[in-house]
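This is what each chain is made of:
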Amino acid sequence: MLEVENLDVYYGQSYILRNVGLEIAQGSMVSLIGRNGVGKTTLLKSIIGLLKPKKGRIALTGKDLTQAPPDERSKSGIAYVPQGREIFSGLSVYENLLLGLEAAPKKKGDGNARLETIYGLFPVLKTMAKRRGGDLSGGQQQQLAIGRALMSEPKLLLLDEPTEGIQPSIVQEIEETLGRINREQGLTILFVEQNLEFVRRLAQQFHVMEKGRLVASGAIQELQQDLVARYLTV
């Protein structure tokens, strides 16, 4: 599904990602973990095309996307929900969701079927369809951001800190929904997350980053306390 090979990424003169390589299998649920500032968000931004690598290769289902702009990557099947959600606060929930269609490959129809699918996953969005995005709670905005990304019917969903600043009840709803679309639709999901309990419940595999490198990987059952203490404890 996703192949990242020998990726080097800089911010100005700062060397952020160092020879990063990973493969994400189709239909898998994978978490990228590590302390703040180790390069996790940089890796996601590189995959979606917001940052250009100095070296390396990024491919999706065999298609080389290393030089492709973000819009081409979106149309190839990658959707991204950034940290902080970045919804359009002045637009309605309905209008925010429709914007997700802009990233979709051209298809017949007006998107109503996809809207109903999203409303089925996040019923609160249908209830609040006419409300301004800025009037929603943080958890509801996160549901909206994920719903907007899913409007493009992606092959790969990238999530950056999906539980940050969200009340536990909505975290549980998001967890259940992501698990459902992974199981029922086979959507591949790669997510950055600090909440280790959320990671343990949802992810099938993990990758640990430290100082711009991947330093540990494995099945989620292999995320033992020694790894947590070495690479995740502040």
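A quick note: this is a predicted structure, and the numbers were derived from the prediction, not measured. (Residues numbered from 1 in each chain as written. Predicted model: local features only at pLDDT ≥ 70, side-chain atom pairs only at ≥ 80, totals over all residues. Heavy atoms only, no water.)

Some words on the pattern of salt bridges
Stated formally: Note on definitions: salt bridges are taken to be side-chain nitrogens of Lys or Arg within 4 Å of carboxyl oxygens of Asp or Glu. Here a strand is any run of E in DSSP of at least two residues, a helix any run of H or I of at least four, and the numbering for each starts at the N terminus. Between buried and exposed lies partly exposed: a residue is buried under 20% and exposed over 50% of the maximum accessible area for its type, with that area taken using a 1.4 Å probe on protein chains only.
For the structure shown, the criterion picks out 10 salt bridges. With a closest N to O distance of 3.3 Å, glutamate 5 and arginine 57 form a salt bridge. Of this pair, glutamate 5 sits in strand β1 (residues 2–11) while arginine 57 is found in strand β4 (residues 55–60), placing the two residues 52 residues apart along the sequence. Overall, arginine 57 belongs to the partly exposed group, its relative accessible area being 24%. For lysine 126, the salt bridge is made with glutamate 116, and the minimal N-O distance between the two is 3.4 Å. Of this pair, lysine 126 sits in helix α5 (residues 123–127) while glutamate 116 is found in helix α4 (residues 112–121), placing the two residues 10 residues apart along the sequence. By relative accessible area, which is 46% here, lysine 126 ends up partly exposed.

Thoughts on the sheet that holds strand β3 (residues 29–33)
Using the following cut-off: Strand pairing requires that DSSP identify at least two bridges connecting the strands. To get an axis, a line is fitted to the C-alpha atoms, and for a helix only the part in contact is used. The angle between two axes follows their N-to-C directions and goes from 0 to 180 degrees. By the convention used here, residues are in contact when the closest approach between their heavy atoms is within 4.5 Å.
With respect to topology, six strands assemble into an open sheet ordered β6-β7-β8-β3-β9-β10, the strand pairing being mixed. Strand pairing shows two members of the sheet lacking a second neighbour, β6 (78–81) and β10 (213–219), which therefore form its edges. Each strand axis lies, on average, 15° off the axis of its neighbour in the sheet, ignoring direction. The pairing of strand β9 (residues 205–210) with β10 spans six bridges and is classified as antiparallel. Bridge pairing in β10 places phenylalanine 206 opposite glycine 218. Strands in contact with helix α6 (residues 138–150) are β6 and β7 (156–160); relative to β6, the strand with the most contacts, it is inclined by about 170°.

A few points about the packing of aromatic side chains
For clarity, the cut-off: The pairing test for Phe, Tyr and Trp rings, Trp by its six-membered ring, is centres within 6.5 Å, and the orientation test on the planes gives stacked under 30 degrees, edge-to-face over 60, and tilted for anything in between. Charges are assigned to positions over rings by a cutoff of 6 Å between ring centre and Lys NZ or Arg CZ, combined with an angular limit of 35 degrees from the ring normal.
Evaluated as defined, the whole model comprises two aromatic pairs. Pairing tyrosine 10 with tyrosine 15 gives two aromatic rings, centres 4.7 Å apart and planes at 5°, and the pair type is stacked. Overall, tyrosine 15 belongs to the partly exposed group, its relative accessible area being 28%. The ring of tyrosine 10 carries lysine 54 above its face, with NZ or CZ at 6.0 Å from the centroid.

Focus: the pairing of strand β8 (residues 188–192)
The following threshold applies: By convention, orient the strands away from the viewer: a clockwise path from the first strand over the helix to the second makes the crossover right-handed.
By the criterion of burial, β8 is predominantly enclosed, with five of the five residues buried. Burial of the side chains of β8 extends over both faces: Thr188, Leu190 and Val192 are buried on one face and Ile189 and Phe191 on the other. As paired strands, β3 and β8 are joined by four bridges and run parallel to one another. By the bridge assignment, methionine 29 is partnered in β8 with isoleucine 189. Of the pairings in the sheet, the one linking β7 to β8 comprises five bridges and is parallel in character. What sits directly across from aspartate 160, in β8, is valine 192. Viewed along the sheet, the connection from β7 through helix α7 (residues 168–185) into β8 turns out right-handed.

Section: helix α1 (residues 40–48)
Within α1, seven of the nine residues are buried, which leaves it mostly tucked inside the rest of the structure. Those residues of α1 that fall on the buried side of the exposure criterion are Lys40, Thr42, Leu43, Leu44, Ser46, Ile47 and Ile48. Looking one or two residues beyond α1, the residue adopting positive phi is glycine 49, at roughly 100°.

Remarks on α7
Rule in force here: For a helix, the expected span equals 1.5 Å multiplied by the number of residues minus one.
Across its 18 residues, α7 extends 25 Å between first and last C-alpha, which sits within 8% of the 26 Å expected from 1.5 Å per residue. Here α7 has its buried residues at Ile170, Val171, Ile174, Glu175, Thr177, Leu178, Gly179, Ile181 and Asn182. Along its buried surface, α7 packs onto β3, α4, α6, β7, β8 and α8 (196–202). Two residues or fewer after α7 comes glycine 186, characterised by a positive phi angle close to 70°.

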